Amino acid sequence: MHLSKHLEGYDKDIVEAVLGIAEVSKAISRGFITHQGKAESDNIYGEQQARMDVWADGLFIKELGESGLVRYLASEEQPEVMEFESDTDLGISIDPLDGSSLLSVNLTVGTIVGIQRGGVLKPGNEMVGAMYVIYGPLTVLVYALGNGVHEFVLNADGDFVLRRENLTIGSEKRLGQGAARNTYLLFHEEFISMLEADGYKIRFSGSFVADVHQILHKGGVFTYPGYRGSERGKLRLLFECAPMGYIVTQAGGAVSDGYVDLLTIQPQSISERAPVYIGGKREIELIMGLPK
Ligand code: F6P
Ligand code: MN
């Protein structure tokens, strides 16, 4: 079944936005070969941009914002929320190309999208949906709009076709962990030791979207914790943690900053960071229950 057919029944403006994002992602999947290397610029977090980051960001701004598909657009590559003329009140927060530092070694990267109404600076549990696309050996799109989590694959005809419906998080013991051990906070160190003692196998590529995709399918937990030097972690609440957290939660998992349900956090700014623990309910309950 094609993506457009699968989306029947949702609000028209949301369907058009999701299909617009899917079209841009097809262009991105074809664009890697012609946009290799680094850009001359850094983003607002001081990270060196890849040519692909800048190009993909521009495509989303044009196809979603300038076309009027959405009213508000916040991009990880831009300092401010952009507002466009539009008939809808849709707000999109987007990481155009997550994991892009790995492009130079040809590992999987992806696009992460959160969908809100009336603005973007809202807690994750007010999202109307979220989706991501990973550009790996295959280009795969996963969406959740309040009615299950569904996965599509880009076929040879250039169409997204259904691969798996109603995904639920796996039950294997896998552990993706960011940050360096010599900066771990005590409760985090205890969490990791407990999982290791319980036989968890390490799986960490350094591409958040790909790492969470693996945990969603196989099970376990991904964490990029707060650490000494950055107690609120590295990953961005609005562009990375909340949309992926929404999807994993819809698939029967959970997400936390270690203290509270991450989807309840009200962002103060679009560039806010959050520690993240995302995966099975059991693992997320474990970290939230540890004394801090
Ligand atoms: O966007 C940030 C990101 O590239 C994530 O995709 C990834 O999880 C993380 O940074 C990797 O960070 P580090 O290089 O510190 O391991
Ligand atoms: Mn990112």
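Up top is the structure these notes are about.
Residues numbered from 1 in each chain as written. Chains lettered and ligands numbered in written order. Predicted model: local features only at pLDDT ≥ 70, side-chain atom pairs only at ≥ 80, totals over all residues. Heavy atoms only, no water.

Asks: For this particular structure, what's the right way to read the coordination of the manganese ion (ligand 2)?
Replies: Six octahedral donors around a metal ideally sit at 90 or 180 degrees from one another, while four tetrahedral donors ideally sit at 109.5 degrees. Around the manganese ion (ligand 2), the donor atoms from the protein are Asp95 (OD), Asp98 (OD) and Glu240 (OE), and they sit 1.9 to 2.2 Å away. Read N to C, the donor residues that coordinate the manganese ion (ligand 2) are spaced as D-x2-D-x141-E. Asp98 matches Asp95 in its accessibility class, with the two residues each being buried. (Donors = N, O, S within 2.8 Å, 3.2 Å for Na, K, Ca; no water. Buried < 20%, exposed > 50% of the residue type's maximum accessible area, 1.4 Å probe, protein only.)

Asks: Where do I start with the pairing of strand 8 (residues 139–144) in this structure?
Replies: Each regular strand carries side chains that alternate between the two faces of the sheet. Counting buried residues in strand 8 gives six out of six residues, a clear majority hidden from the surface. Every second residue of strand 8 is oriented toward a common face, with Thr139, Leu141 and Tyr143 on one face and Val140, Val142 and Ala144 on the other, all of them buried. Here strand 7 (residues 129–135) pairs with strand 8 via six bridges, running antiparallel. Directly across from Tyr135, in strand 8, lies its bridge partner Thr139. Count of turn residues in the strand 7/strand 8 antiparallel hairpin: three residues. Across five bridges, strand 8 lies against strand 9 (residues 149–154) in antiparallel orientation. Bridged to Val140 within strand 9 is Val153. (Helix = DSSP H or I, 4+ residues; strand = E, 2+ residues; numbered from the N terminus. Pairing = 2+ DSSP bridges.)

Asks: Help me understand the site of ligand 1 in this model?
Replies: Around ligand 1, a shell composed of Asp98, Gly99, Phe204, Gly206, Ser207, Phe208, Tyr224, Lys234, Leu235, Arg236 and Glu240 is seen. Within the side chain of Arg236, a nitrogen or oxygen atom sits 3.3 Å from an oxygen atom of ligand 1. Within the side chain of Glu240, a nitrogen or oxygen atom sits 2.7 Å from an oxygen atom of ligand 1. Protein contacts shield 77% of the accessible area of ligand 1, which totals 400 Å² for the unbound molecule. Classifying every residue of the shell around ligand 1 gives four nonpolar, three polar and four charged. (Near = heavy atom within 4 Å. Polar contact = N/O pair within 3.5 Å; in protein donor to acceptor, adjacent residues only side chain to side chain. Areas by Shrake-Rupley, 256 points an atom, 1.4 Å probe, with all protein chains shown as cover. Nonpolar A, V, L, I, M, F, W, Y, C, P; charged D, E, K, R; others polar.)

Asks: What exactly am I supposed to notice about the nonpolar core here?
Replies: Buried together is how nonpolar side chains tend to be arranged in soluble globular proteins. Formed by 38 residues in total, the largest nonpolar core has its most connected members in Ile28, Leu73, Ile92 and Leu141. Elements represented by at least two residues in this core include exactly helix 2 (12–31), helix 3 (51–66), strand 5 (90–98), strand 6 (109–117), strand 7, strand 8 and strand 9. (Core = buried A, V, L, I, M, F, W, Y, C linked by side-chain atoms within 4.5 Å.)

Asks: In this structure, what is going on with unusual backbone geometry? I would like to understand it.
Replies: For residues besides glycine, phi is generally negative; the peptide bonds are generally trans as well. Non-glycine residue Asn106 carries a positive phi angle of around 60°. Among the structural elements, Asn106 can be located in the loop between strand 5 and strand 6. The class of Asn106 is exposed, set by a relative accessible area of 69%. Located in the positive-phi region is Asn166, a residue other than glycine, with phi close to 50°. Mapped onto the fold, Asn166 is located in the loop between strand 10 (160–164) and strand 11 (174–177). Residue Asn166 is classed as partly exposed on the basis of its relative accessible area, which comes to 48%.

Asks: So what exactly am I meant to see when it comes to the packing of aromatic side chains here?
Replies: The geometry of two aromatic rings is summed up by the distance between their centres and the angle between their planes. The tally for this structure, following the rule as stated, stands at eight aromatic pairs. Between Tyr10 and Tyr143, the aromatic rings sit 6.2 Å apart at their centres with planes inclined by 85°, giving edge-to-face as the arrangement. With a gap of 133 residues between them, Tyr10 in the loop between helix 1 (3–6) and helix 2 and Tyr143 in strand 8 connect regions that are remote in the sequence. Taken together, Tyr10, Tyr143 and Phe152 form an aromatic cluster joined through their ring pairs. Its end group placed over the ring of Tyr259, Lys292 keeps NZ or CZ at 5.2 Å from the ring centre. (Phe/Tyr/Trp six-rings, centres within 6.5 Å; stacked < 30°, edge-to-face > 60°. Lys NZ or Arg CZ within 6 Å of the ring centre and 35° of its normal.)

Asks: What is the right way to read the sheet that holds strand 13 (residues 221–224) from this model?
Replies: Sheet strands pair by backbone hydrogen bonding; their relative direction is either parallel or antiparallel. Taking strand neighbours across the sheet as the criterion, the five strands line up as 12-11-13-15-14 in an open arrangement whose pairing is mixed. What marks the edges here is a single partner per strand, and that holds for strand 12 (201–202) and strand 14 (254–256). Sheet topology note: the strand 14/strand 15 (residues 276–279) ladder contains three bridges and is antiparallel. If you follow Val255 over to strand 15, its bridge partner there is Ile278. Sitting on the sheet, helix 6 (residues 237–250) is in contact with strand 14 and strand 15, with an inclination near 25° to strand 15. (Contact = heavy atoms within 4.5 Å. Axes fitted to C-alpha atoms, helices over the stretch in contact; angles between N-to-C directions.)

Asks: Got a minute to help me understand the pattern of salt bridges in this structure?
Replies: When the charged atoms of two side chains with opposite charge come close together, those side chains can pair. Using the criterion set out here, one finds 17 salt bridges in the structure. Counted as one network, the salt bridges with shared partners bring together Asp11, Asp13, Asp89 and Arg117. (Salt bridge = Lys/Arg side-chain N within 4 Å of Asp/Glu carboxyl O.)

Asks: Explanation requested: the side chain of Thr88 in the structure shown.
Replies: Here Thr88 is to be found in the loop between strand 4 (82–83) and strand 5. Overall, the relative accessible area of 13% leaves Thr88 in the buried class. There is a polar contact of 2.9 Å between the side chain of Thr88 and the backbone nitrogen of Leu90. With residues up to four places along the chain from it excluded, the contact list for Thr88 reads Asp13, Leu69, Val70 and Arg71.

Asks: Please clarify how the sheet that holds strand 3 (residues 72–75) should be interpreted in this entry.
Replies: With respect to topology, eight strands assemble into an open sheet ordered 4-3-5-6-7-8-9-10, the strand pairing being mixed. At either margin of the open sheet sits one strand with a lone partner, and together these are strand 4 and strand 10. Sitting on the sheet, helix 5 (residues 208–218) is in contact with strand 5, strand 6, strand 7, strand 8, strand 9 and strand 10, with an inclination near 105° to strand 7.

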